[in-house]
Amino acid sequence: MLRKKEKVNFYTLLIQQAQCTVDGVKLLCAYCANPDEACGDQIKELEMLGDRKRSHLIAEINNSFITPIDREDLFRLSGTIDDVLDYAWYTVKELRIYHIDPDRAIGDMAALLLEMAESLRDCMRMLEHNPAQCNVHAVQVKKLENRLNARFHQAMNDLFEQEDLRAILKYREVYAHFNHASDKGDHAADILLDILVKS
């Protein structure tokens, strides 16, 4: 006798993916405090785990006749969550490639990115049963994007006050990952707010 396929909970899949991103950014903060090779490797492992979780969610979207959230919104939301984790890994990767250590600006931006990742995770936790709180956390994500963006521009201004051109170019590339990550978090918040309007 064929067993009935268990119903997929897309909210749970989103929560799991968002938690993976939080875990990765937490490790990034730890790496900024102490750039240990093992810690950096763990971030790469989490980035790969996040990719697998996203692939699983996409497969379930394709295998489901009906989804609780618009299929395109699910796909885009999952993508933005994954992008934030990707940029956490890119930061470590380029710090290693350029043989530079995390400076204060990178540590500050990582801390803000962690707040953003945690707020996104909280959005996912509230999305199904508490849309009002989901909205609150989505607005918080957008506020954090503004704070991270301001810190990024301050860091860039301070960077260009230095005279070591090579260092400037290297750190500029790393700083940019935080700017891109904050944009992705902001995009995720916009998708969530759009989902809440539709529901």
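Draft legend 1. A look at the overall build of the chain. Along the backbone of the chain there are six helices and zero strands. Each helix and strand of the chain, ordered N terminal to C terminal, gives the series α-α-α-α-α-α. Relative to the compact-globule value of 16 Å for 199 residues, the chain shows a C-alpha radius of gyration of 18 Å, a close match. Considered along the principal axes of its C-alpha atoms, the chain spans approximately 70 × 35 × 20 Å. Taken across its 199 residues, the chain has 47% of its residues classed as buried.

Draft legend 2. Representation of the layout of surface pockets in the model. Here the second largest pocket is characterised by a volume of approximately 160 Å³. Surrounding the second largest pocket, Tyr-11, Pro-68, Ile-69, Asp-70, Asp-73, Leu-127, Glu-128, Pro-131, Ile-195, Leu-196, Lys-198 and Ser-199 form its lining. A total of three residues in the lining of the second largest pocket trace back to one element, the largest contributor, which is helix α6 (residues 165–198).

Draft legend 3. How the structure looks around the pattern of salt bridges. Taken as a whole and judged by the stated rule, the model has 15 salt bridges. Note that Lys-184 and Asp-83 form a salt bridge whose closest N and O atoms lie 3.5 Å from each other. Taken together, the residues Lys-184 in helix α6 and Asp-83 in helix α3 (residues 71–97) connect sequence positions 101 residues apart. Residue classification places Lys-184 among the partly exposed residues on the basis of a relative accessible area of 28%. A residue is classified by how much of its surface remains accessible, and Asp-83, at 22% relative accessible area, is partly exposed.

Draft legend 4. Focus on the packing of aromatic side chains. In this structure the tally under the stated criterion is two aromatic pairs. Centroid distance Tyr-171 to Tyr-175: 6.1 Å. Interplanar angle 50°. Geometry classified as tilted. Of this pair, Tyr-171 and Tyr-175 both sit in helix α6, four residues apart, which is roughly one turn of that helix. Residue class for Tyr-171 comes out buried when judged on its relative accessible area of 14%. Given a relative accessible area of 3%, Tyr-175 falls into the buried group. Above the plane of the ring of Phe-75 lies Arg-54, whose end atom (NZ or CZ) is 4.5 Å from the centre.

Draft legend 5. Structural detail: α3. Here α3 is 27 residues long and its end C-alpha atoms lie 38 Å apart, about the 39 Å a rise of 1.5 Å per residue gives. For α3, the side-chain oxygen to backbone nitrogen distance between the N-cap and Glu-72 is 3.0 Å, and the N-cap itself is Asp-70. With its phi angle positive at about 55°, His-99 sits one or two positions after the end of α3.

Draft legend 6. Structural context of the nonpolar core. Formed by 64 residues in total, the largest nonpolar core has its most connected members in Leu-14, Leu-77, Leu-127 and Tyr-175. Every element with two or more residues in this core is listed here: α1 (10–33), α2 (37–63), α3, α4 (104–127), α5 (131–159) and α6. What Leu-127 contacts, discounting residues up to four positions off in sequence, is Tyr-11, Leu-14, Ile-69, Cys-134, Leu-192, Ile-195 and Leu-196.

Definitions and limits used
In every chain, residue numbers begin from 1 and rise along the written sequence. Residues qualify for local features only when their pLDDT is at least 70, as the model is predicted, and side-chain atom pairs are given and counted only at 80 or more; totals for whole chains, interfaces and linings, by contrast, use all residues. As a rule here, side-chain values come from all non-hydrogen atoms in the structure, and water together with hydrogens is ignored. Strands here mean DSSP runs of E at least two residues long; helices mean DSSP runs of H or I at least four residues long; both are numbered from the N terminus. Just to be clear, the radius of gyration here is over C-alpha atoms, and the globule rule we use is 2.2 Å times residues to the power 0.38. Burial classes follow relative accessibility: with a 1.4 Å probe on protein chains only, a residue under 20% of its type's maximum area counts as buried, one over 50% as exposed, and anything between as partly exposed. A cavity here means a set of 1 Å grid points, computed over protein atoms only, where a 1.4 Å probe fits but cannot escape. A pocket is an open set with protein on both sides within 12 Å along at least 5 of 7 lines, and lining residues have an atom within 4 Å of a point. Grid points are joined across faces, edges and corners, and a volume is the space filled by probe spheres set on the points. Between Lys or Arg on one side and Asp or Glu on the other, a salt bridge is scored when a side-chain nitrogen of the former is within 4 Å of a carboxyl oxygen of the latter. Under the pairing criterion, centres of Phe, Tyr and Trp rings, with the six-membered ring standing for Trp, must be within 6.5 Å; the plane angle then separates stacked pairs below 30 degrees from edge-to-face pairs above 60, leaving the rest tilted. Ring-over charges, as used throughout, are those where CZ of Arg or NZ of Lys falls within 6 Å of the ring centre and within 35 degrees of the ring normal. By definition here, a helix of n residues has an expected span of 1.5 Å times n minus one. Nitrogen and oxygen atoms within 3.5 Å of one another constitute a polar contact, given that in protein one can donate a hydrogen and the other can accept it, and given that sequence-neighbouring residues count only through two side-chain atoms. Residues enter a nonpolar core if they are buried and are Ala, Val, Leu, Ile, Met, Phe, Trp, Tyr or Cys, with the set joined through side-chain atoms within 4.5 Å. Contacts are assigned to residue pairs that have any heavy atoms within 4.5 Å of one another.

As far as function goes, none of this settles anything; it's purely spatial.
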